[in-house]
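Structural features, examined
Single-letter residue listing:
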Amino acid sequence: MKTLLHISDLQKELRASLDGNKSIGFVPTMGAIHSGHISLIKRSKQENDITVCSIFVNPIQFNSEVDLTGYPRMIEQDSKALIREEVDFLFAPDVVEMYPPGEETQLDIDFGRLDKVMEGKHRPGHFKGVAIVVNKLFDIVKPSRAYFGSKDFQQLTIIQHMTESLKLPVEIVPCKTIRESDGLAMSSRNLKLTIGERQVASEIYGVLMFTKANADSIPVRKLQVIAQKRLAENRAFQVDYFEIVDKRTLLPINTWNEPEQIIACTAVNIGGIRLIDNMELFS
Ligand code: AMP
């Protein structure tokens with residue numbers, strides 16, 4: 001694996017490797033690599049000639065300085081994990097490389113309600129920051145396919161919308177959520193939980209499973225309220241939202257009429273660590 005810190009170096013390497021029409025698979029991450037990231041990398045390796053992974057903690061998608069400075073950073077350990085997976089190139093730029101002073105960072109896309117609800121409501125500007133960095137990374141790497149986890153379902157929807165709006169020549173490949181043995185969705189943020197917090201965190205999965213088990217038999221709004229209450233019963237949890245929405249619009253639904261489009265999404269703070277998760281209720 002070659003590690004590149006500069007855009008021009010990565011592009012030189014990619015040009016040199018791209019004889020004929022080789023495909024590039026791209027896995028953008030913020031590091032603290034775990035099995036969720038690795039599943040995306042494995043898929044990219046299967047489907048492409050070359051796999052590029054990026055590690056960049058993108059400051060413009062954070063709403064809180066504390067969250068940004070506290071985000072786990074472990075580039076050496078990450079590098080080893082990526083070498084084991086035989087990633088071809090790791091792109092690990094610093095903030096000045098991605099956002100040179102004086103360079104404009106704007107992206108004019110209307111996401112409608114997609115970036116206003118759920119995470120968008122609790123983290124204003126977050127998805128704009130995500131869209132800007134992913135668009136920039138796509139422009140640098142020029143991947144044939146890019147791999148994103150369904151764990152960040154709203155982010156995946158935003159990126160699909162951006163790719164369609166800008167007619168970007170990249171296939172977005174959604175990948176399933178990888179979970180710990182007790183059901184907690186893997187996340188770099190899990191590292192920040194205390195042992196006690198980690199133990200109760202799997203209740204998020206428990207409530208999603210409860211919701212799935214009761215979908216169709218309890219009216220939507222009533223089930224949403226019950227699930228939210230169940231989460232809130234745990235004294236360690238501060239629940240930002242628990243919503244049952246249409247996968248296409250991310251807006252709350254009122255009936256179980258289109259089961260294949262229904263997903264439950266939630267965000268819970270545990271000891272100041274914000275965890276998100278979701279589950280399709282009829283798959
Ligand atoms: P992050 O480093 O958290 O920005 O995540 C980088 C990519 O890995 C995103 O596409 C995430 O959706 C994906 N990802 C994170 N956690 C998981 C997981 N538990 N299962 C599958 N994909 C994940």
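These remarks concern the structure in this document. (Residues numbered from 1 in each chain as written. Predicted model: local features only at pLDDT ≥ 70, side-chain atom pairs only at ≥ 80, totals over all residues. Heavy atoms only, no water.)

1. A look at the state of the cysteines
Counted by the stated rule, this structure contains zero disulfides. Of all cysteine sulfurs, the one in Cys 175 lies closest to Cys 53, which takes part in no disulfide; the gap is 13 Å. Considering cysteine sulfurs only, Cys 175 is the nearest to Cys 265, which forms no disulfide, with 17 Å between them. (Disulfide = S-S within 2.5 Å.)

2. Description of the packing of helix α10 (residues 203–214) against helix α11 (residues 220–232)
The N-to-C vectors of α10 and α11 enclose an angle of 160°; their axes lie 10 Å apart at closest approach. When the axis of α10 is compared with that of α11, the two are roughly antiparallel. In terms of crossing hand, the pair formed by α10 and α11 is right-handed. Where α10 approaches α11, its residues Glu 203, Ile 204, Val 207, Phe 210, Thr 211 and Asn 214 are matched on the opposing element by Leu 223, Ile 226, Ala 227, Arg 230 and Leu 231. Of the residues in the contact of α10 with α11, the class split is seven nonpolar, two polar and two charged. (Axes fitted to C-alpha atoms, helices over the stretch in contact; angles between N-to-C directions. Helix = DSSP H or I, 4+ residues; strand = E, 2+ residues; numbered from the N terminus. Parallel < 35°, antiparallel > 145°, perpendicular 65-115°, else oblique. Left-handed = near helix turned anticlockwise from the far one by under 90°. Contact = heavy atoms within 4.5 Å. Nonpolar A, V, L, I, M, F, W, Y, C, P; charged D, E, K, R; others polar.)

3. Here we look at the pattern of salt bridges
Close approach of charged atoms lets side chains of opposite charge pair. Scanning all chains against the criterion turns up 17 salt bridges. We note a salt bridge from Glu 103 to Lys 136, for which the minimum N-O separation is 2.7 Å. Residue Glu 103 is located in the loop between α5 (95–98) and α6 (119–122), and its partner Lys 136 is located in helix α7 (residues 126–141); the two are separated by 33 residues in the primary sequence. Glu 103 sits in the partly exposed class, given a relative accessible area of 42%. Look at Lys 136 and you get buried, because its relative accessible area is 17%. Across the salt bridge formed by Arg 145 and Glu 171, the nearest N and O atoms sit 3.2 Å from each other. One end of the pair, Arg 145, is in strand β5 (residues 145–149); the other, Glu 171, is in strand β6 (residues 171–175), with 26 residues separating them in the sequence. Glu 171 gets classed as partly exposed once you look at its relative accessible area, which sits at 43%. Taken together, the salt bridges that share partners define one network made up of Asp 67, Arg 123 and Arg 189. (Salt bridge = Lys/Arg side-chain N within 4 Å of Asp/Glu carboxyl O. Buried < 20%, exposed > 50% of the residue type's maximum accessible area, 1.4 Å probe, protein only.)

Keep in mind that these numbers describe shape and distance, not what the molecule does.
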